[in-house]
Amino acid sequence: MTAYNMLRNGGGVGNGGQPWVLRWSNRIRLTWLSFTLFFILVFFPLIAHYYLTTIDEAGGPDKRIFGPRPGGELCEVKHVQDLCRIRESVSEELLQLEAKRQELNGEIARLNIKIEACKKSIDNAKQDLLQLKNVISQTEHSYKELMAQNQPKLSLPVRLLPDKDDAGLPLPKSAHSCRLHSCFDYSRCPLTSGFPVYVYDTAVYPWGENIDPLVKQAFASSIKSSIYVIDNPNIACLYIVLVGELQDSSSSSSSYSSLSPTNLEKQLHALPYWRTDGHNHLLVHLSRKSMTQNFLYNVSTGRAAVAQSTFLERQYREGFDLVLSPLVHALSEPNFLEVPPQVPVKRKYLFSFQGEKVESLKSSLQEGPPQSFEEEMEGDPPADYDDRIIGTLKAVQDSRLDQVLVEFTCKNRPWLSLPTEWALCGEREERLGVLKASTFALVISPGNGQLVASAGCGMRLFEALEVGAIPVVLGDHSRLPYHQLISWSEAALIVPKQRITELHFLLRSISDNDLLAMRRQGRFLWETYLSTAESVFSTILASVRTRIQIPAAPIREEPAQEIPHKAGKAAGTDPNMADNGDLDLGPVETEPPYASPRYLRNFTYTAADTYRTWNRPPGPFHLFPHTPLDPVLPSEAKFLGSGTGFRPIGGGTGGSGKEFQAALGGNVPREQFTVVMLTYEREEVLMNSLERLNGLPYLNKVVVVWNSPKPPSDDLLWPDIGLPIVVVRTEKNSLNNRFLPWDAVETEAILSIDDDAHLRHDEIMFGFRVWRESRDRIVGFPGRYHAWDVNHQSWLYNSNYSCELSMVLTGAAFFHKAIRDMVDEYINCEDIAMNFLVSHITRKPPIKVTSRWTFRCPGCPQALSHDDSHFHERHKCINFFVKVYGYMPLLYTQFRVDSVLFKTRLPHDKTKCFKFI
């Protein structure tokens, strides 16, 4: 109680300790309250946080209650989520606006920089332009210097003519030893002389009265048509003297008796340009008969060469004299429509021969040396195999293994012939009838081996080739016409007489393909070198010219008579024509048109290509102009042949993609082509077609062949395509005008196109590239084929879509500038005639290039091909051309060139056609 009281009384003495106790008690309660509050405010949240965290971790991320939630799940309440979306949208818009503002500011800054740069470049542009002009001028000058170094253009040498009375080279030891190097004066025949030829007028000389009038007339006609004959003898390279064939002595006994070998020799030596020895003279003796006089045998010809059909071995000077074919068609030309066809290959008779051997001959010489021509032949002949030949051929006929026709005795009197030679039997028509039914025709050389060439054998050879009978020459010692320049083994069989027992086996072993090839080659040789008087005379000149290695004179080009026309505004670019996607077709030529290089081999070809030139049709892609050496090239030295002409040295640029597309490359890295467009009174269609050519790469110029007699309208404005457009006036309306060698064409490649053709630029460029790889063919777009009509036994023209073709229409085709004279029997068959000619010459089919099916102009007026009679006339054309050629030269092909870029659509029934890419 005391303590209590004390406390109650204020902790001690009396009542004065009570306030102290109360103060102390209050202080303790405040301290405890503060500690409790501190513990609750500090430790309790920590303990709760630790406890709650432990619960969330134990439950996994998917069962968290108080932890942070991904994806803004705190905004689970609807209005909170809306607010969050609004906030995010506003934030994104603000960011985008800020980015745009910065971008615009940057663009403004860049444009300001560009503006400043453009202002500066404008000031420098004029100076740069002047510098570029100077660079271009220097580059052109350097290019010309480089070309002058690689291909120098030499001036023609000055021609120095010898004096009129200059004898030239020293005389050879013997006239029989004459060769070109010892008896021909090359100084009169420079390479650049053009081969001038002077022909003596035989009418003013005594022997001219005795020459056959038909021979003289045919010879004179041939002279007029020759481009080599001149009137100035002082500059002539070759002098030609016609000395025969002489008439029968009975018809002109008075004049003929005065013409002896001695008199003829004196007359020849008295010629004004004989120059003591007759060098550079050619004595021509043309034979119309199987038995002809070897009148020059006893005449001293000096250094003059002799061209005739009959030669003795000791008389003939190899490589100097010429063996000629008989002049059968003196004035009349053969009717090619009556020439039998070359098919079927096998005929009724395997071989045939009709002849009678003559052992003696009345002398045709009135005066001569102690040993005459006939006496020379009849003295000590070599072993005669004729008896063995007769026995063997009769045995083959009697065996009846094959049907043959051999007759060794003429039914009527045989024709006159030389001793030991087989005389001809019957009339010419009868002999030709037998030969038309014979696969082979035997030509038995004379029994006397000294007679190396005779007019009788030449006549048999001529008739066999004329009707397509393959000649079989028995006697390998015989000299056939132009044998040094023509490889007769390609058209005839030359068999030694000793192999007569093997002849039947040899003839039976030849395949049909080889027979047809030999028959076709024989037809070519006959038509080109033997058939007419003009061809014979041209072949004589070509033989001498080729021997002395002078190039042929160029054929005159067709002069282009231009029609003046007005050029309008610059042509636009048709988007359908020029839209090539990512395909780069190549640069559009900004320089002047580049012509194809002229021939640089004109003065060296004769040494390298003689045999190839003479022995096969050189074709429209051959190097050399039209002569008997190369009969079908009507163009001067402008067009390079496939593998025969000069090619600029250089290769392709290689690479792929743009590198390949931007350059032609190949062996001719720089080349252009010319468009030749045929038109007839369709001005609007023509203008549209010309305008579509604007911007076409590698285009040199456009030659418009104006086929209408009416000139273009005066107010007609022609489009300006940036290249020359030459409008050519024609003499008559003919579809063949597209093939004339216009002198305005200066490129090898020609795109022949109709005015209504509708071709894209990429299609044209693709066709041009294909032609560059096949320069000896027609490369075109529309293909056709021919078929045999069994019911009517004739050929048909077919234009249906097919997997096989044999023709490419020239309405849009690349071809070589080479065709001059074509048959114009039907107005719509010029394309068929072109295909016939090229296939006949090259023995290759055309190449079809696939287009994008846009060949025809969709809104153009009606063409000739829409006429109902169009196909009937083309059927007639094909059969007519087959008669002219003697066989069907067209070849089938399943090959076509298809660009992978075109993705060609094929008809549903043609999906099995193969495409060669």
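Predicted, not measured: the structure shown is a model, and the values here were computed from it.

(A) Quick peek at the state of the cysteines. Here the structure, examined in full by the defined rule, presents three disulfides. Put simply, C178 and C183 are joined by a disulfide, and their sulfur atoms are 1.9 Å apart. Across the S-S bond of C178 and C183 the torsion is about -80°, and the bridge reads as left-handed. C183 gets classed as buried once you look at its relative accessible area, which sits at 1%. Across the disulfide from C410 sits C425; the S-S distance is 1.6 Å. One disulfide, between C410 and C425, carries an S-S torsion of -65° and so falls in the left-handed class. You can see C410 sitting in the loop between β9 (405-407) and β10 (421-423) and its partner C425 sitting in the loop between β10 and α10 (428-436), a full 15 residues away along the chain.

(B) Local environment of empty space enclosed by the protein. If you walk through the whole model with that rule in mind, you get 10 cavities of 30 Å³ or more. The volume enclosed by the largest cavity comes to roughly 150 Å³. As for the largest cavity, its lining consists of 13 residues, and the residues nearest its centre are Q354, R431, L435, R460 and E463. Secondary-structure elements contributing two or more residues to the lining of the largest cavity are β7 (349-354), α10, β11 (438-444) and α11 (455-467). The class makeup of the residues in the lining of the largest cavity is eight nonpolar, two polar and three charged.

(C) The arrangement of the sheet that holds strand β25 (residues 807-808) in detail. What the three strands build is an open sheet, ordered β24-β23-β25; its pairing is antiparallel. The strands lining the two open edges of the sheet, one partner per strand, are β24 (794-798) and β25. Here five bridges tie strand β23 (residues 783-789) to β24, and the two strands are oriented antiparallel to one another. The residue bridging W788 from the neighbouring strand is W795, located in β24. Sheet contacts for helix α22 (residues 870-885): β23, β24 and β25; angle to β24, the most-contacted strand, approximately 130°.

(D) Structural context of the nonpolar core. The biggest cluster of nonpolar side chains holds 83 residues, and the ones touching the most others in it are F195, W207, I240, L268 and L286. Residues within four places of I240 in sequence aside, it is in contact with V197, Y198, V199, Y200, F219, L282, V284, F537 and L541. By size, the runner-up hydrophobic cluster in this structure holds 37 residues, among which are V704, A757, F766 and F781.

(E) Focus on helix α21 (residues 830-842). A rise of 1.5 Å per residue sets the reference length of α21, with its 13 residues, at 18 Å; its end C-alpha atoms lie 18 Å apart and thus fit the reference within 8%. In terms of burial, α21 is a largely internal element, 13 of the 13 residues being buried.

(F) Molecular detail of the pattern of salt bridges. Tallied over the full model, the rule gives 28 salt bridges. Between R508 and D402 there is a salt bridge, with its nearest N and O atoms 2.5 Å apart. Residue R508 is located in helix α12 (residues 503-508), and its partner D402 is located in the loop between α9 (386-399) and β9; the two are separated by 106 residues in the primary sequence. Here K844 makes a salt bridge to D776, at a shortest N to O gap of 2.7 Å. Pair noted here: K844 is in the loop between α21 and β27 (847-849) and D776 is in the loop between α20 (761-773) and β22 (779-780), with a separation of 68 residues, a long-range link. Of the residues examined, D776 reaches a relative accessible area of 11% and is grouped as buried. Where salt bridges share partners, they join R428, R431, E463 and E466 into one cluster.

(G) Seen up close, the environment of A330. Mapped onto the elements, A330 comes out in the loop between β6 (322-323) and β7. What makes A330 buried here is its relative accessible area of 10%. Sequence separation between A330 and T532 is 202 residues, and the spatial gap between their C-alpha atoms is 6.7 Å.

(H) Examining the side chain of R520 more closely. When you line up the elements, R520 lands in helix α13 (residues 512-530). Buried within the structure, R520 lacks any salt-bridge partner; its nearest side chain of opposite charge belongs to D514, at an N-O separation of 8.7 Å. When neighbours within four sequence positions are excluded, R520 is seen to be in contact with Q342, H840, R843 and Y887.

(I) The packing of α10 against α11, seen in detail. Packing of α10 against α11 brings their axes to within 9 Å, and their N-to-C directions diverge by 55°. Taken together, α10 and α11 sit at an angle that is classed as oblique. The two elements α10 and α11 meet at a crossing, and its hand is right-handed. Counting all contacts with α10, which are made through R428, R431, L432, L435 and K436, the residues of α11 involved are F462, E463, A464, E466 and V467. Residues of the contact of α10 with α11, tallied by class, amount to five nonpolar, no polar and five charged.

(J) Molecular detail of the packing of aromatic side chains. Under the definition given, this model contains 25 aromatic pairs. On the numbers, 5.4 Å between centres and 90° between planes, the contact of F219 with F537 is edge-to-face. Here the residue F219 occupies a position in helix α5 (residues 213-225), and F537 occupies one in helix α14 (residues 533-547), the gap between them amounting to 318 residues. Like F537, F219 is buried. Among the aromatic side chains, those forming a connected cluster through ring pairs are Y198, Y200, Y205, W207, Y239 and Y273. Directly above the aromatic system of F768 lies the positively charged group of R772, at a separation of 5.9 Å from the ring centroid. In this structure, R874 packs its charged tip against the face of Y797, placed 4.4 Å from the ring centre.

(K) Molecular detail of the sheet that holds strand β13 (residues 470-474). Pairing is parallel in the open sheet, where five strands are placed in the order β9-β7-β11-β13-β14. One side of each edge strand has no neighbouring strand; the edge strands of this open sheet are β9 and β14 (493-495). Direction aside, neighbouring strands of the sheet carry axes that sit 20° apart on average. When β11 meets β13, the two strands line up parallel, connected through five bridges. Residue pairing in the sheet places A441 in a bridge with P471 of β13. With respect to the sheet, α11 is in contact with β7, β11 and β13, its orientation differing from that of β11 by roughly 170°.

(L) The packing of α11 against α13, seen in detail. Between α11 and α13, the least distance of the axes is 8 Å, while the angle of their chain directions is 120°. What the angle tells us is that α11 and α13 run oblique. The two elements α11 and α13 cross, and the hand of that crossing is left-handed. In this structure, α11 contributes F462, L465 and E466 to the contact, and α13 contributes G522, W526 and L530. Its residues placed into classes, the contact of α11 with α13 shows four nonpolar, one polar and one charged.

Cut-off values and rules
- Residues numbered from 1 in each chain as written.
- Predicted model: local features only at pLDDT ≥ 70, side-chain atom pairs only at ≥ 80, totals over all residues.
- Heavy atoms only, no water.
- Disulfide = S-S within 2.5 Å.
- Buried < 20%, exposed > 50% of the residue type's maximum accessible area, 1.4 Å probe, protein only.
- Helix = DSSP H or I, 4+ residues; strand = E, 2+ residues; numbered from the N terminus.
- 1 Å grid on protein atoms, 1.4 Å probe; cavity = no way out; pocket = protein on both sides within 12 Å on 5 of 7 lines; lining within 4 Å.
- Points joined across faces, edges and corners; volume = space filled by probe spheres on them.
- Nonpolar A, V, L, I, M, F, W, Y, C, P; charged D, E, K, R; others polar.
- Pairing = 2+ DSSP bridges.
- Contact = heavy atoms within 4.5 Å.
- Axes fitted to C-alpha atoms, helices over the stretch in contact; angles between N-to-C directions.
- Core = buried A, V, L, I, M, F, W, Y, C linked by side-chain atoms within 4.5 Å.
- Expected span 1.5 Å × (residues − 1).
- Salt bridge = Lys/Arg side-chain N within 4 Å of Asp/Glu carboxyl O.
- Lys, Arg positive; Asp, Glu negative; His and termini not counted.
- Parallel < 35°, antiparallel > 145°, perpendicular 65-115°, else oblique.
- Left-handed = near helix turned anticlockwise from the far one by under 90°.
- Phe/Tyr/Trp six-rings, centres within 6.5 Å; stacked < 30°, edge-to-face > 60°.
- Lys NZ or Arg CZ within 6 Å of the ring centre and 35° of its normal.

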